[in-house]
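Observations on the three-dimensional arrangement
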Amino acid sequence: MSEEELQLHFTYEEKASGSYGTECEDLIEELLCCLIQLIVEIPLLDITYSISLEAVTTLIVFLSCQLFHKEILRESIVHKYLMRGRCLPYTSRLVKTLLYNFIRQERSPPPGTHVFQQQTDGGGLLYGIASGVATGLWTVFTLGGVGSKPTPQLEQCSPLANQSLLLLLVLANLTDAPDTPNPYRQAIMSFKNTQDNTAFSSSNPHAFQINFNSLYTALCEQQKSDQATLLLYMLLHQNGNVRTYVLARTDIENLVLPILEILYHVEERNSHHVYMALIILLILTEDDGFNRSIHEVILKNITWYAERVLTEISLGSLLILVVIRTIQYNMTRTRDKYLHTNCLAALANMSAQFRSLHQYAAQRIISLFSLLSKKHNKVLEQATQSLRGSLGSNDSPLPDYAQDLNVIEEVIRMMLEIINSCLTNSLHHNPNLVYALLYKRDLFEQFRTHPSFQDIMQNIDLVISFFSSRLEQAGAELSVERVLEIIKQGAVALPKDRLRKFPELKFKYVEEEQPEEFFIPYVWSLVYNSAVALYWNPHDIQLFTMDSG
């Protein structure tokens with residue numbers, strides 16, 4: 001039903017006998033306020049778990065009118081009540097409670113834990129009704145739907161944590177009122193660490209404090225779900241306090257590894273989850289401290305990386321491998337320019353701080369360039385053949401090879417800039433990249449005289465020539481170890497001023513002009529796919545079209 005129809009159920013009219021006037025009272029605000037009070041004021045115990053869960057879920061249901069609209073809801077009765085009036089003073093407490101519910105990940109209490117104590121004689125009619133409803137609800141939430149069998153994964157999950165996170169995302173993505181910014185988004189943008197003693201800004205009445213260590217741990221542990229990744233994105237992008245704290249952590253691998261796993265298993269993830277993971281990496285790589293520190297973290301035995309056994313590799317090299325793999329997957333499958341751009345931007349941000357690249361990571365950088373080079377030659381050949389064929393026929397329109405060529409050349413240029421940035425800033429730290437460059441030197445020959453790449457090829461050409469001559473002087477039949485030794489000696493001998501300086505590669509993530517056009521449908525698709533959807537008939541819902549764009 002529409003919000004207007006819903007409102008009629010909560011409108012009470014008192015008609016005194018003999019009087020013509022009526023007084024109308026709207027009870028929706030009263031109910032919403034009571035639900036929020038239940039969530040923020042009742043302590044979370046076994047006997048209160050179900051009432052907290054129902055209060056959170058009911059709030060989501062009240063906000064769910066968005067599911068029945070194909071356009072973004074910018075004016076809504078429920079939105080109005082939640083963003084002003086009696087509910088407004090609870091904003092920071094509600095956001096804080098929902099975050100703590102997510103952090104705590106409390107599992108459902110064991111069966112038989114009810115407000116009413118079970119009696120031997122059955123406990124009477126009231127208990128029978130109450131326990132019957134509770135059992136029915138718990139079947140839905142703990143078993144994933146009526147009649148289905150429990151799985152270890154579902155038994156371990158926390159329905160309250162999941163629902164709380166979904167409600168938090170829905171509230172944070174409500175559109176601003178014409179005269180009032182969204183207070184829930186303001187609260188998420190401004191909360192601070194419990195150890196931060198600085199005064200709150202008077203401009204934001206919804207600021208609060210929360211334990212950042214607990215929040216960081218929960219975010220690291222929960223990245224398998226879309227909603228946890230979306231929360232991490234929102235916090236890194238919108239809350240400067242959280243971003244500063246995360247970048248200062250000495251165990252950053254606990255956060256980065258789950259994000260890399262999302263990208264590695266790109267075939268199994270939806271495109272939105274992959275985008276969020278990629279944008280998180282892009283935001284992190286904007287920080288030079290992060291780009292340096294990831295090369296100092298050494299990882300052992302990465303079991304989920306199947307292409308090659310990685311017994312020991314730095315977090316930085318692993319990040320490069322996974323991003324390059326994502327680019328290659330995109331080139332052969334989805335061909336999404338947006339994905340390409342973000343992957344290359346993250347690599348470009350890191351390139352000046354590449355340190356001690358793993359030999360496999362160095363090989364993959366050059367292999368990606370080789371793949372792009374072949375693709376460039378193929379499109380060029382197709383364009384030439386098409387042009388020849390069209391000279392004898394005026395009937396068929398020419399395919400737009402020029403556009404394809406332009407896109408590939410943009411990507412090739414970016415790859416050359418990444419390699420160049422590494423060579424000019426940290427040549428002596430990356431003998432494996434110089435080795436891979438020399439091994440595949442023929443690849444770069446065709447681009448030396450190309451007008452689009454002549455300037456950026458100067459340094460790469462100089463490095464190839466310089467090290468090639470030193471290897472020739474050392475004689476033939478050199479072992480890999482001897483070649484690497486010559487490269488290390490040559491890196492010290494090469495005068496830095498011979499390499500031309502280019503502007504530093506730095507890309508910053510900028511949100512779309514109307515982010516709600518992406519985020520609101522995304523959030524509601526997550527709600528719909530979650531446990532809340534079990535309350536509704538899927539056939540009644542006109543859901544947004546969620547295409548890969």
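1. What to know about the overall build of the protein chain
Within the protein chain, the secondary structure is distributed over 23 helices and six strands. Residue pairs in contact within the protein chain that sit at least 24 positions apart in sequence constitute 72% of those at least 6 positions apart. By element, 51% of the accessible surface of the protein chain is carried by carbon and sulfur atoms, the whole surface being about 27500 Å².

2. Concerning the pattern of salt bridges
Tallying each qualifying case throughout the model produces 17 salt bridges. The partner of arginine 104 in a salt bridge is glutamate 106, with the nearest N and O atoms 3.4 Å apart. On the basis of relative accessible area, glutamate 106 is assigned to the partly exposed category, the value being 34%. For glutamate 312, the salt bridge is made with lysine 300, and the minimal N-O distance between the two is 2.5 Å. Taken as a pair, glutamate 312 in strand β6 (residues 312-314) and lysine 300 in strand β5 (residues 298-300) lie far apart in primary sequence, twelve residues in all. The class for lysine 300 is exposed, based on a relative accessible area of 56%.

3. Considering helix α21 (residues 454-474)
The terminal C-alpha atoms of α21 lie 30 Å apart, and with 21 residues this matches the ideal 30 Å at 1.5 Å per residue to within 8%. Remark: the principal bend of α21, roughly 25°, maps to isoleucine 460. Against α19 (401-426), α20 (431-439) and α22 (480-493) lie the buried residues of α21. Downstream of α21 by one or two residues, glycine 475 has phi in the positive range, about 100°.

4. Examining unusual backbone geometry
The backbone of glutamine 105 shows a phi angle near 50°, a positive value even though the residue is not glycine. In the Ramachandran plot, asparagine 301 falls in the positive-phi region, its phi being about 45° despite a non-glycine side chain. Inspection of the secondary structure puts asparagine 301 in the loop between β5 and β6.

5. Notes on helix α16 (residues 315-332)
With 18 residues, α16 should cover 26 Å at 1.5 Å per step; its first-to-last C-alpha distance of 26 Å lies within 8% of that length. Taking burial as the measure, the 18 residues of α16 include 17 buried ones, the bulk of the element.

6. Describing the packing of aromatic side chains
Taken as a whole and judged by the stated rule, the model has 17 aromatic pairs. Seen in terms of ring centroids, phenylalanine 191 and phenylalanine 212 are 5.8 Å apart; in terms of plane orientation they differ by 90°. Their pairing is edge-to-face. Of this pair, phenylalanine 191 sits in the loop between α9 (183-190) and β3 (192-193) while phenylalanine 212 sits in helix α10 (residues 212-221), placing them 21 residues apart in sequence. Phenylalanine 212 sits in the buried class, given a relative accessible area of 3%. One aromatic cluster is present, built from ring pairs that chain together Phe191, Phe208, Phe212, Tyr216 and Tyr245. A cation over a ring is seen here: lysine 192 above phenylalanine 200, with NZ or CZ 4.3 Å from the ring centre. Its guanidinium or amino end placed over the ring of tyrosine 264, arginine 325 lies 4.0 Å from that ring's centre, counting from NZ or CZ.

7. Things to note about the confidence of the model for the protein chain
Across the protein chain, the average pLDDT comes to 83, with 83% of residues at 70 or higher. Predicted confidence for residues 116-156 stays below pLDDT 50, and this span has 44 contacts to residues more than four positions away or in other chains.

8. Side note on the packing of α9 against helix α11 (residues 226-238)
Each pair of packed helices can be described by the angle between their axes along with the distance between the axes. Interaxial distance between α9 and α11 falls to 8 Å at its minimum, and their mutual angle equals 75°. As far as their axial angle goes, α11 and α9 are roughly perpendicular. Note on element contacts: α11 touches α9 through Met234, Leu235 and Gln238, opposite Arg185, Ile188 and Met189. Looking at the contact of α9 with α11 residue by residue, the classes come out as four nonpolar, one polar and one charged.

9. Examining the environment of isoleucine 42
Here isoleucine 42 is to be found in the loop between α2 (28-41) and α3 (49-63). The spatial distance from the C-alpha of isoleucine 42 to the C-alpha of serine 52 is 7.7 Å, given a sequence separation of ten residues. Those residues in contact with isoleucine 42 that sit more than four places away from it in its chain are Gln37, Thr48 and Ile51.

10. Quick word on the environment of alanine 361
Relative to the helices and strands, alanine 361 resides in helix α18 (residues 359-391). Sequence separation between alanine 361 and asparagine 432 is 71 residues, and the spatial gap between their C-alpha atoms is 8.7 Å. Apart from the residues within four sequence positions on either side, alanine 361 is in contact with Ser317 and Leu321.

11. Side note on the side chain of histidine 79
Positionally, histidine 79 belongs in helix α4 (residues 77-83). Setting aside anything within four residues of it in sequence, one finds histidine 79 in contact with Leu63, Leu73 and Leu174.

12. Section: the packing of α19 against α21
Contact pair α19 / α21: the axes reach a minimum separation of 9 Å and the direction vectors enclose 50°. Relative to α21, the element α19 is oriented oblique. For the pair α19 and α21, the sense of crossing is left-handed. Each of Arg413, Leu416, Glu417, Ile419, Asn420, Leu423 and Thr424 in α19 lies in contact with α21, whose residues at this interface are Asp455, Ile456, Met457, Asn459, Ile460 and Val463. Of the residues assigned to the contact of α19 with α21, the class counts are seven nonpolar, three polar and three charged.

13. Side note on the side chain of arginine 325
Note on placement: arginine 325 falls in helix α16. Beyond its immediate chain neighbours, meaning those up to four positions away, arginine 325 contacts Leu263, Tyr264, Val266, Glu267 and Glu307.

14. A closer look at the environment of arginine 269
When you line up the elements, arginine 269 lands in the loop between α13 (253-264) and α14 (271-285). With 43 residues separating them in the primary sequence, arginine 269 and aspartate 226 have C-alpha atoms 9.1 Å apart. Not counting the four nearest positions on each side in its chain, arginine 269 is found in contact with Lys224, Ile262 and Val274.

15. A short note on the state of the cysteines
The final tally for this structure, using the stated rule, is zero disulfides. Looking at the unpaired cysteine 34, the closest cysteine sulfur is the one in cysteine 33, lying at 6.4 Å. Cysteine 34 sits in the partly exposed class, given a relative accessible area of 33%.

Definitions and limits used
- Residues numbered from 1 in each chain as written.
- Predicted model: local features only at pLDDT ≥ 70, side-chain atom pairs only at ≥ 80, totals over all residues.
- Heavy atoms only, no water.
- Helix = DSSP H or I, 4+ residues; strand = E, 2+ residues; numbered from the N terminus.
- Contact = heavy atoms within 4.5 Å.
- Areas by Shrake-Rupley, 256 points an atom, 1.4 Å probe, with all protein chains shown as cover.
- Salt bridge = Lys/Arg side-chain N within 4 Å of Asp/Glu carboxyl O.
- Buried < 20%, exposed > 50% of the residue type's maximum accessible area, 1.4 Å probe, protein only.
- Expected span 1.5 Å × (residues − 1).
- Bend = angle between axes of the 7 residues up to and from the residue.
- Phe/Tyr/Trp six-rings, centres within 6.5 Å; stacked < 30°, edge-to-face > 60°.
- Lys NZ or Arg CZ within 6 Å of the ring centre and 35° of its normal.
- pLDDT = per-residue confidence, 0-100.
- Axes fitted to C-alpha atoms, helices over the stretch in contact; angles between N-to-C directions.
- Parallel < 35°, antiparallel > 145°, perpendicular 65-115°, else oblique.
- Nonpolar A, V, L, I, M, F, W, Y, C, P; charged D, E, K, R; others polar.
- Left-handed = near helix turned anticlockwise from the far one by under 90°.
- Disulfide = S-S within 2.5 Å.

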